[in-house]
Amino acid sequence: MGPSHALSGAAVWLAGSWALEATGAINPQTPLEIAVGTAVCAGGALLPDLDLSGRVTTGQGGATVAHTFGRVTMFLAEVIEKFSLGVYNVTRLGRDPERHNGHRTLTHTLIFNIGVGVGTWQLALHYGKWAVIGIMFFMVGLALRGLFDKWAARAGWVIVTLVSGWAAFFTYANMHGDRGYPLLGVAVGVGGLVHLAGDVVTSHGCPLFWPVPTGNRLWRNIGVPDALVVEVGGKVETVVLRIVFTAVALISIAGLGVPFLMDRFNIQW
């Protein structure tokens, strides 16, 4: 479900940042950089589900993330879903079943999510902080809709849009220089891959390796053994996994924050 995807994306980014900083693989990040990367990774972990559209005219149905910016994202989800279905129908082989929607097809492949990450990296690299405004606006909106789904549903898409706009402008105004923070592309790509990992442990799986054919099929769903399948919306997901993701995120925040505070206040270890 959307909240689990977003929370797992945030947890993975925070834990990864902590591990890389602790080992000296990357330079220490500022709190703003950590917050930006976490928000974008959480949003990226919802991006693949923009292939699940609902009724654009009535605003009903579709994935949680499709409601982020109201009818705009509902329409975007409709376009992505139909395009994904078109790609499926054009490329499917003899043993690939007939489908009537594009959910868990193109946007749920490794090549798509890596490609989106690389594309975001290049966008930020070549267009600098102006590109960051657009990236942050869109990804923060997705993250809000996922991490705070009940609040976002009550507040409505207008409030989500305003908060996303403020976050994008704040990031633009407070980033260092004009480097553009191309690492945003890594956050988007990692978020997408975390989403795929979450879907792999459900009963449906997803076509990770498209367009590599296997056994006269191009869209073979990859999943875990039945004994390890996590029920969507079940107690394991909504209680156990969310507690684990929250704990990982909080521990990682503490791990990242302590060295920063010690350096800030000249405290020797």
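Definitions and limits used
Residues numbered from 1 in each chain as written. Predicted model: local features only at pLDDT ≥ 70, side-chain atom pairs only at ≥ 80, totals over all residues. Heavy atoms only, no water. 1 Å grid on protein atoms, 1.4 Å probe; cavity = no way out; pocket = protein on both sides within 12 Å on 5 of 7 lines; lining within 4 Å. Points joined across faces, edges and corners; volume = space filled by probe spheres on them. Helix = DSSP H or I, 4+ residues; strand = E, 2+ residues; numbered from the N terminus. Nonpolar A, V, L, I, M, F, W, Y, C, P; charged D, E, K, R; others polar. Phe/Tyr/Trp six-rings, centres within 6.5 Å; stacked < 30°, edge-to-face > 60°. Buried < 20%, exposed > 50% of the residue type's maximum accessible area, 1.4 Å probe, protein only. Lys NZ or Arg CZ within 6 Å of the ring centre and 35° of its normal. Expected span 1.5 Å × (residues − 1). pLDDT = per-residue confidence, 0-100. Patch = residues over 30% accessible without salt bridge, like charges linked within 9 Å, V, L, I, M, F, W, Y side chains within 5 Å. Areas by Shrake-Rupley, 256 points an atom, 1.4 Å probe, with all protein chains shown as cover. Salt bridge = Lys/Arg side-chain N within 4 Å of Asp/Glu carboxyl O. Core = buried A, V, L, I, M, F, W, Y, C linked by side-chain atoms within 4.5 Å. Contact = heavy atoms within 4.5 Å. Axes fitted to C-alpha atoms, helices over the stretch in contact; angles between N-to-C directions. Left-handed = near helix turned anticlockwise from the far one by under 90°. Polar contact = N/O pair within 3.5 Å; in protein donor to acceptor, adjacent residues only side chain to side chain. UniProt positions renumbered as here; feature names shortened; annotations may be inferred.

The name given to the protein chain in an unreviewed UniProt entry is Metal-dependent hydrolase, with the source organism recorded as Luedemannella flava.

J.: Is there a simple way to explain the layout of surface pockets in this structure?
T.: A water-sized probe rolled over the atoms picks out the places where empty space is left. The volume enclosed by the largest pocket comes to roughly 520 Å³. Along the wall of the largest pocket there are 27 residues; nearest its centre are Met1, His5, Gly198, Asp199 and Glu237. Counting residues per element, the ones that place at least two in the lining of the largest pocket are helix H1 (2-22), helix H7 (183-200) and helix H8 (235-264). Residue composition of the lining of the largest pocket, by class: 13 nonpolar, 8 polar and 6 charged. Looking at the second largest pocket, its volume works out to about 390 Å³. Ala35, Thr38, Ala39, Leu147 and Phe148 are, among the 23 residues lining the second largest pocket, the residues nearest its centre. At the level of secondary structure, the elements contributing two or more residues to the lining of the second largest pocket comprise H1, helix H2 (31-44), helix H4 (110-147), helix H6 (157-174) and H8.

J.: Please explain the packing of aromatic side chains as it appears in this structure.
T.: Two descriptors summarise a pair of aromatic rings, namely the distance from one centre to the other and the angle between the planes of the rings. Under the criterion given, the structure shown has 6 aromatic pairs. The interplanar angle of 40 degrees and the centroid separation of 5.2 Å between the aromatic rings of Trp130 and Tyr172 together place this pair among those described as tilted. Of this pair, Trp130 sits in helix H4 while Tyr172 sits in helix H6, and the two are 42 residues apart along the sequence. Of the residues examined, Tyr172 reaches a relative accessible area of 23% and is grouped as partly exposed. Each ring, one from Trp166 and one from Phe170, has its centre 5.2 Å from the other, and the planes form 25 degrees; the classification is stacked. Here Phe170 and Trp166 lie together in helix H6, a separation of 4 residues that amounts to about one turn. In this structure Trp166 comes out as exposed when scored by relative accessible area, which is 56%. Exposure remark for Phe170: the relative accessible area of 36% places this residue in the partly exposed category. Connected via pairs of aromatic rings, a cluster forms that spans Phe69, Phe137 and Phe138. The positively charged end of Arg99 is found above the aromatic ring belonging to Tyr88, 5.6 Å away from the centroid. Taking NZ or CZ as reference, Lys129 lies 4.9 Å from the ring centre of Tyr172, over its face.

J.: Could you clarify how one ought to interpret H1 in this entry?
T.: Owing to its 3.6 residues per turn, the α-helix brings residues three or four apart onto one side. The terminal C-alpha atoms of H1 lie 30 Å apart, and with 21 residues this matches the ideal 30 Å at 1.5 Å per residue to within 8%. Once H1 ends, the next one or two residues include Gly24, with phi positive near 80 degrees.

J.: Hey, could you run me through the confidence of the model for the protein chain in this one?
T.: Low-pLDDT portions of the prediction should not be read for the details of their coordinates. Overall, the prediction assigns the protein chain a mean pLDDT of 89, with 93% of residues at 70 or greater. When mean pLDDT is taken per element in the protein chain, H7 scores highest with 94 and strand E2 (residues 60-61) scores lowest with 74.

J.: Would you explain a nonpolar patch on the surface in this entry?
T.: Among the surface-exposed residues, Leu147, Phe148, Trp151, Trp157, Val158, Ile159, Leu162 and Val163 lie close enough to one another that they form a single nonpolar patch of about 710 Å² accessible area. Position of Ile159 among the secondary structure elements: in helix H6. In this structure Ile159 comes out as partly exposed when scored by relative accessible area, which is 35%.

J.: How do you make sense of the nonpolar core when you look at a structure like this?
T.: Generally speaking, soluble globular proteins have nonpolar side chains that are buried together. Grouped together as the largest cluster of nonpolar side chains are 36 residues, with contacts concentrated most on Val40, Met136, Met139 and Leu184. Other than its neighbours up to four places away in sequence, Leu184 contacts Val36, Val40, Thr120, Val132 and Ile135. Core analysis: the next-biggest nonpolar cluster, separate from the first, contains 6 residues, Val87, Leu106, Trp210 and Leu218 among them.

J.: I tried to follow the packing of H4 against H6 on my own but got confused; where do I start?
T.: Between two packed helices, the angle of one axis relative to the other and the distance separating the axes together describe the packing. It is the contact of H4 with H6, at a shortest axis distance of 8 Å, that shows an interaxial angle of 140 degrees. Read as a crossing pair, H4 and H6 show a hand that is right-handed. Two secondary-structure elements touch here, H4 through Lys129, Trp130, Val132, Ile133, Met136, Phe137, Val140, Gly141 and Leu144 and H6 through Val160, Thr161, Val163, Ser164, Gly165, Ala167, Ala168, Thr171 and Tyr172. Of the residues contributing to the contact of H4 with H6, the split by class is 12 nonpolar, 5 polar and 1 charged.

J.: Explain the side chain of Ser84 here, please?
T.: Counting through the fold element by element, Ser84 comes out in helix H3 (residues 71-91). At 2.8 Å, the side chain of Ser84 and the backbone oxygen of Ile80 are in polar contact.

J.: Explain the UniProt feature "transmembrane region" (unreviewed entry) in the protein chain to me, please; I cannot follow it from the model alone.
T.: This chain's UniProt record puts "transmembrane region" (unreviewed entry) on residues 130-148, 155-173 and 239-262. Counting secondary structure, residues 130-148 comes out at 95% helix and 0% strand; the distance between its end C-alpha atoms is 27 Å. When the span residues 155-173 is considered, its composition is 95% helix and 0% strand, and the gap between its end C-alpha atoms is 26 Å.

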